[in-house]
Amino acid sequence: MTTAHPGLPQFGRPAEELPDELRAMTAHDLPTRGGRTTAYTYDAGRPDVREAAERAYLAMLDVNGLDPTAFPSIVALERRVVGAVATRLGGDDGTPGIFTSGGTESILLAVKAARDCRPGIAEPEIVVPATAHAAFFKAGRYLKVKVVAVPVDPGTFRAVPAAMAAACTSNTVLVVASAPSYAHGVVDPVTEIAADAAGRGLPCHVDACVGGWLLPWLAEAGAAVPEFDLSVPGVTSLSCDLHKFGYAPKGASVLLFRDRPMRLAAYFACAQWPGYPVVNSTVQSSKGAGPLAAAWATLQVLGADGYRELGRAALTATRRLIAGVDTIDGLRVLGSPDATLVALGTDDAALDLWELADETRARGFFLQPQLSVAGLPASLHLTLTGVSELGVDGLLDALREAVAAVGARGPVAPPTELLALLDQFDLTDLDDATLAALLPAAGFGPARMAGVNRLLDALPPELRDQLATRFLSALYSPYLEQN
Ligand SMILES: Cc1ncc(COP(=O)(O)O)c(C=O)c1O
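All of these numbers come straight from a predicted model, not from anything done at the bench. (Residues numbered from 1 in each chain as written. Predicted model: local features only at pLDDT ≥ 70, side-chain atom pairs only at ≥ 80, totals over all residues. Heavy atoms only, no water.)

Chemist: Which residues make up the site of the ligand, and what values do they have?
Modeler: Neighbouring residues of the ligand: 13 residues in total, closest Gly103, Thr104, Asp207, His243 and Lys244. With respect to the ligand, the side chain of Thr104 contributes an N or O atom lying 2.5 Å from an oxygen atom. His243 is positioned such that a nitrogen or oxygen atom in its side chain is 2.8 Å from an oxygen atom of the ligand. Against a free-state accessible area of 390 Å², the protein chains account for coverage of 84% of the ligand. (Near = heavy atom within 4 Å. Polar contact = N/O pair within 3.5 Å; in protein donor to acceptor, adjacent residues only side chain to side chain. Areas by Shrake-Rupley, 256 points an atom, 1.4 Å probe, with all protein chains shown as cover.)

Rendered as structure tokens:
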């Protein structure tokens, strides 16, 4: 049980004390720079870029994006950022778009726009490949839209256009393709999926959240990149996150639309209450302009040549990683990544991937566990960025050592006892204290997630979701201390 940390001091404290306190709190966080955290973080490795972003962020810290008539700087900046992204991704300066807080918000708005463009459909559905990002499932639940997840090719991990087409019904309001999928880094056959959707009179959204600001530079560096952007006939909207391979601070994504009526359907207005008339392009109403200004500054300071160089470096790192993994017995790359995102799997029952993740983490590299689902095997995820080239040999050494350590221990038994124990509880009733008491039995501890991942992987998807929300609740309770 933790002691409560005082939130609000009785008397104001000297500001100089605070940075040290923050530093102490972040001491157990994964590193955000240097490429050793191969998910969540995108480091350009350029202090000048970081500084420009920080300055721009601070300069716009107090501006409220709630009202673009009160703060016209918002419109000016947003036009520039959206225009820059659209121009690279098959549109132009006049392509309608929205600057949002991230991929999930862009996807929520794309789904809302598609749903609201077809008000006559009472039970709307979206057709997504089974590898589509969880944000589509979130959109489905938030917006009451049914998500039809279509199995992908189990060898390539790419969506199968004929299967996507077969899943469309008279209730379908949107068809989705990823460029690339986060889990396996492969680009779906966008051309075929979008053409088929157009033939049915359906819109097609390309989720290029992770790849939109990466694939063009990889293509320039010589990689074979399938077509995926707004220049593809039938693609009606596309999301591209600048807080990923745009290397901008978090809170930056762009949602592009082929036409204005669809963007209009993403908007929200309410002048039916006694306060100020609300009209929003995003889910958020009041919002800081910092992320927008910082994204703009990052684009300006890096420029096309900066992104080209970062793309080249990430591609080189990825090729070296894939070649290196090929020499490690027991590990394999799933599919053939089109981008610099790689999923590592295994066919060796003695090599427990969840233990491998913890072992690699103990050696200074964070790899992200990905559960088995829809007939697709479990894996460990790596996103390689512009700084990964420098560390790829160290990463391969860490992987080699970790594989040897985990392999030597042999197969890990499935968590049968824990599953039986959980079976006695109604998960919907499981309170924070009980779950916190159970977690040590699952092996949960600082930087030890193997037991929790193994347990989640062994559960059916609905129960995983329930357990995961209870876990989050326990994490914010006084009963669990991570550090
Ligand atoms: C393909 C894809 N779509 C959507 C998202 C969600 O983005 P965010 O975490 O910014 O909400 C991600 C995040 O990794 C992604 O890779």
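Chemist: For unusual backbone geometry, give the residues involved together with the corresponding values.
Modeler: Of note, the amide linkage connecting Ala179 to Pro180 takes the cis form, showing an omega dihedral of -5°. Among the structural elements, Pro180 can be located in the loop between strand 4 (172-178) and helix 7 (190-199). Phi is positive for Lys144, close to 55°, though the residue is something other than glycine. Along the chain, Lys144 turns up in the loop between helix 5 (134-143) and strand 3 (146-150). Lys144 sits in the exposed class, given a relative accessible area of 72%. With a phi angle near 60°, Tyr247 is a residue other than glycine that sits in the positive phi range. On the secondary structure map, Tyr247 appears in the loop between strand 6 (235-241) and strand 7 (253-257). (Helix = DSSP H or I, 4+ residues; strand = E, 2+ residues; numbered from the N terminus. Buried < 20%, exposed > 50% of the residue type's maximum accessible area, 1.4 Å probe, protein only.)

Chemist: A description of the packing of helix 2 (residues 47-59) against helix 10 (residues 290-325) should follow, citing residues and the corresponding values.
Modeler: Two elements in contact, helix 2 and helix 10, have axes whose closest approach is 7 Å; the angle formed by their N-to-C orientations is 145°. The element helix 2 and its partner helix 10 pack so that their crossing is right-handed. Counted together, Asp48, Val49, Ala52, Ala53, Ala56 and Tyr57 of helix 2 and Gly290, Pro291, Ala293, Ala294, Ala297, Thr298, Val301 and Leu302 of helix 10 form the full contact between these two elements. Considered class by class, the residues forming the contact of helix 2 with helix 10 number 11 nonpolar, two polar and one charged. (Axes fitted to C-alpha atoms, helices over the stretch in contact; angles between N-to-C directions. Left-handed = near helix turned anticlockwise from the far one by under 90°. Contact = heavy atoms within 4.5 Å. Nonpolar A, V, L, I, M, F, W, Y, C, P; charged D, E, K, R; others polar.)

Chemist: Report on the sheet that holds strand 12 (residues 368-370), specifying residues and quantitative values.
Modeler: Spatially, 10-11-13-12 is the arrangement adopted by the four strands of the open sheet, whose pairing is antiparallel. Looking along the sheet, the strands with just one partner apiece sit at the ends: strand 10 (331-333) and strand 12. Taking each pair of neighbouring strands and ignoring which way they run, the sheet shows an average axis angle of 35°. Examined bridge by bridge, strand 12 and strand 13 (residues 379-383) share three bridges and lie antiparallel to one another. Residue pairing across strands places Gln370 opposite Ser379, the latter belonging to strand 13. Relative to strand 13, helix 11 (residues 353-362) is tilted by about 40°, and along the sheet it contacts strand 10, strand 11 (341-346), strand 12 and strand 13. (Pairing = 2+ DSSP bridges.)

Chemist: Provide a residue-level description of the packing of aromatic side chains, including the pertinent values.
Modeler: The tally for this structure, following the rule as stated, stands at nine aromatic pairs. Judged by centre distance (5.1 Å) and plane angle (75°), the rings of Tyr42 and Phe245 are edge-to-face. Separated by 203 residues along the polypeptide, Tyr42 in the loop between helix 1 (18-26) and helix 2 and Phe245 in the loop between strand 6 and strand 7 bring together distant segments of the chain. The same class applies to Tyr42 and to Phe245, which are both buried. (Phe/Tyr/Trp six-rings, centres within 6.5 Å; stacked < 30°, edge-to-face > 60°.)

Chemist: An account of the sheet that holds strand 2 (residues 125-129) is requested, with residue identities and associated values reported.
Modeler: Here seven strands make up an open sheet; going across it, the order is 1-7-6-5-4-2-3 and the pairing mixed. Edge positions in the sheet fall to strand 1 (97-100) and strand 3, since each has one partner strand and no second. Shown here is a sheet whose adjacent strand axes are inclined to one another by a mean of 20°, direction ignored. Strand direction decides the pairing type here: strand 2 and strand 4, joined by three bridges, are parallel. Counted as the bridge partner of Glu125 is Thr172 from strand 4. Contacting strand 2, strand 3, strand 4 and strand 5 (204-207), helix 5 runs over the sheet at an angle of about 150° to strand 3.

Chemist: Could you give an account of the pattern of salt bridges, with specific residues and numbers?
Modeler: One pass over the structure, following the stated rule, counts 27 salt bridges. Here Asp352 makes a salt bridge to Arg454, at a shortest N to O gap of 3.2 Å. Taken together, the positions of Asp352 in the loop between strand 11 and helix 11 and Arg454 in helix 15 (residues 450-458) put the pair 102 residues apart, joining distant regions of the chain. Here the two residues Asp352 and Arg454 agree in accessibility, since each one is buried. (Salt bridge = Lys/Arg side-chain N within 4 Å of Asp/Glu carboxyl O.)

Chemist: Hey, could you go over the packing of helix 10 against helix 12 (residues 388-409) for me, with residue numbers and the actual values?
Modeler: As a packed pair, helix 10 and helix 12 sit with axes 9 Å apart at the nearest point and diverge in direction by 20°. The pairing of helix 10 with helix 12 is recorded here as roughly parallel in orientation. Handedness of the helix 10/helix 12 crossing: right-handed. For the pair helix 10 and helix 12, the contacting residues are Arg312, Ala313, Thr316, Ala317, Arg320, Leu321, Gly324 and Val325 in the first and Ser388, Glu389, Val392, Asp393, Leu395, Leu396, Leu399 and Arg400 in the second. In terms of residue class, the contact of helix 10 with helix 12 is made up of eight nonpolar, three polar and five charged. (Parallel < 35°, antiparallel > 145°, perpendicular 65-115°, else oblique.)

Chemist: So what's going on with helix 10? Residues and values would help.
Modeler: Between its terminal C-alpha atoms helix 10 stretches only 40 Å, short of the 52 Å expected from 36 residues at 1.5 Å a residue. Gly303 marks the point of greatest bend in helix 10, at about 80°. (Expected span 1.5 Å × (residues − 1). Bend = angle between axes of the 7 residues up to and from the residue.)

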